[in-house]
Amino acid sequence: MLAPDKERLILFARATTDVMMDLDRSNKIIESTGKLKIDGLRAADLERHQFINLVHSADRLRVERALKQARDGKAVRDLSFRFKPAKNSFNAFANAFVAEEFPDKLFVSLR
């Protein structure tokens with residue numbers, strides 16, 4: 001069981017986002033969690049996919065630039081793009097950052 005403070009932080013994170021994921025150096029989704037189904041997919045179904053392949057083709061260049069910006073140490077807030085995990089596209093907002101404790105991972109939240 002997590003310490004009460006850690007549990008509360010996780011609950012705060014879940015209150016502000018629909019899907020939380022971490023990406024490896026090549027921006028492949030290592031782990032994804034969340035309660036909502038998106039286009040019939042659970043958050044865990046997104047694992048092992050390249051994040052950029054889940055972005056509508058018209059928005060990919062802008063999203064790639066934002067991910068690079070986050071990798072370079074500047075947090076990304078409320079990046080708007082069309083998320084296309086399967087058949088349909090959805091408007092999404094993303095936050096992304098690299099934590100000092102995990103320099104090889106990019107943490108991304110979607111809502």
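Being a predicted model, the structure only gives us computed values, none of them experimental. (Residues numbered from 1 in each chain as written. Predicted model: local features only at pLDDT ≥ 70, side-chain atom pairs only at ≥ 80, totals over all residues. Heavy atoms only, no water.)

1. Remarks on the overall build of the chain
The cut-off we apply is this: Segments assigned H or I by DSSP are reported as helices when at least four residues long, segments assigned E as strands when at least two residues long, and all are numbered from the N terminus. Based on C-alpha atoms, the radius of gyration is set beside the globule rule, defined as 2.2 Å times the residue count to the power 0.38.
When its secondary structure is counted, the chain shows two helices and five strands. Element order for the chain, N to C, with α for helix and β for strand: α-β-β-α-β-β-β. The C-alpha atoms of the chain give 14 Å as radius of gyration, which agrees with the globular expectation for 111 residues (13 Å, within 12%). Considered along the principal axes of its C-alpha atoms, the chain spans approximately 45 × 35 × 25 Å.

2. Concerning the confidence of the model for the chain
Low-pLDDT stretches of the model should not have their predicted coordinates read in fine detail. To be explicit about the condition: The quantity known as pLDDT measures the predictor's confidence residue by residue, on a range of 0 to 100.
Across the chain, the average pLDDT comes to 90, with 95% of residues at 70 or higher. Of all secondary-structure elements in the chain, the lowest mean pLDDT belongs to helix 1 (residues 4-16), at 72, while helix 2 (residues 60-71) reaches the highest, 97.

3. Structural notes on the nonpolar core
For the record, the criterion: We call a set of buried residues a nonpolar core when its members are Ala, Val, Leu, Ile, Met, Phe, Trp, Tyr or Cys and they connect through side-chain atoms within 4.5 Å of each other. Note on classification: 1.4 Å probe, protein chains only; a residue is buried when its accessible area is under 20% of the maximum for its type, exposed when over 50%, partly exposed between these limits. Note on contacts: a residue pair is in contact if any heavy atoms of the two residues lie within 4.5 Å.
One finds Met21, Phe51, Val63, Phe81, Phe83, Val108 and Leu110 to be the most contacted residues of the largest nonpolar core, which totals 25 residues. Of all the elements in the fold, those that place two or more residues in this core are strand 1 (19-23), helix 2, strand 3 (76-83), strand 4 (90-97) and strand 5 (106-110). Each residue touching phenylalanine 81, except ones within four places of it in the same chain, is listed here: Phe51, Val55, Asp59, Arg62, Val63, Phe90, Asn91, Ala92, Ala94 and Leu110.

4. Points about the sheet that holds strand 4
Test applied: Each pair of strands is called paired provided DSSP finds at least two bridges between the two strands. Axis lines are fitted through C-alpha atoms, for helices just across the contact stretch, and the angle between N-to-C directions can take any value from 0 to 180 degrees.
With antiparallel pairing, the five strands of this open sheet are ordered in space as 2-1-5-4-3. Every other strand in the sheet has two partners, leaving strand 2 (29-34) and strand 3 as the edge strands with one partner each. Across the sheet, the axes of successive neighbouring strands diverge by a mean angle of 25°, strand direction being ignored. Two strands pair when backbone bridges link them, and strand 1 and strand 5 are joined in this way by five bridges, in the antiparallel orientation. Across the sheet, residue methionine 20 finds its bridge partner in strand 5, namely serine 109. Contacts from helix 2 reach strand 1, strand 3, strand 4 and strand 5 within the one sheet, and its direction differs from that of strand 3 by about 155°.

5. Considering the pattern of salt bridges
What counts, and what does not: Each salt bridge in this description consists of a side-chain nitrogen of Lys or Arg and a carboxyl oxygen of Asp or Glu lying within 4 Å of one another.
All chains considered together, the criterion is met by seven salt bridges. The residue aspartate 22 makes a salt bridge to lysine 105 at a minimum N-O spacing of 3.4 Å. Note that aspartate 22 is positioned in strand 1 and lysine 105 in the loop between strand 4 and strand 5, a separation of 83 residues in sequence. Note that arginine 25 is salt-bridged to aspartate 104, the shortest N-O span being 3.0 Å. In this pair, arginine 25 is assigned in the loop between strand 1 and strand 2 and aspartate 104 in the loop between strand 4 and strand 5, connecting sequence segments 79 residues apart. Exposure remark for arginine 25: the relative accessible area of 53% places this residue in the exposed category. Aspartate 104 sits in the partly exposed class, given a relative accessible area of 45%. Among the ionic contacts, a cluster of salt bridges with common partners joins Asp59, Arg62 and Arg82.

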